[in-house]
Structures are given as C-alpha cells and as structure tokens.
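Descriptive analysis of the structure
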Amino acid sequence: MCKYCLECDWQLSTADGYTEKEVSEKAIEHFVETGHTVDSLRLPPPVVLEN
C-alpha cells in the first residue's frame, strides 16, 4: 500500500518497511497537521516462487 499527498511531496509505502497500519496512521497524521488530501494506491502483491 502506498499513501501519497495530492498537494505536496509527502508519501509513505509498505515497500519502505512500514506496516499497512503504520502507513494509514501516518497518512491521517499528515492530513491533520496540514489539511492536505491524501490518496492511496494498492501495490501489487509480492510474487511467490514455488519449487
């Protein structure tokens, strides 16, 4: 999951090592602090290789 601001360069992603809960909490914090609109994008699931 990736959350990003539509008004500035703020963004955070589970690809950066954060959990989905942490990403969502930080997005809410960004909105409360700035009033900026935050949108999200679902990242594709990881590829699982089977032997």
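Note: the structure precedes this text.
Residues numbered from 1 in each chain as written. Predicted model: local features only at pLDDT ≥ 70, side-chain atom pairs only at ≥ 80, totals over all residues. Heavy atoms only, no water.

Glancing now at the environment of phenylalanine 31. Tracing the sequence through the fold places phenylalanine 31 in helix α1 (residues 20-34). In sequence terms phenylalanine 31 and cysteine 5 are 26 residues apart; their C-alpha atoms lie 8.6 Å from each other. (Helix = DSSP H or I, 4+ residues; strand = E, 2+ residues; numbered from the N terminus.)

A word on the pattern of salt bridges. Here the structure, examined in full by the defined rule, presents 2 salt bridges. As a salt-bridge pair, arginine 42 and glutamate 20 come within 3.2 Å of each other at their nearest N and O atoms. Of the two residues, arginine 42 is situated in the segment after β3 (38-41) and glutamate 20 in helix α1; the sequence distance between them amounts to 22 residues. The class for arginine 42 is exposed, based on a relative accessible area of 59%. Residue glutamate 25 pairs with lysine 21 through a salt bridge whose shortest N-O separation is 3.9 Å. One end of the pair is glutamate 25 and the other is lysine 21, both in helix α1 and 4 residues apart, which spans about a single turn. (Salt bridge = Lys/Arg side-chain N within 4 Å of Asp/Glu carboxyl O. Buried < 20%, exposed > 50% of the residue type's maximum accessible area, 1.4 Å probe, protein only.)

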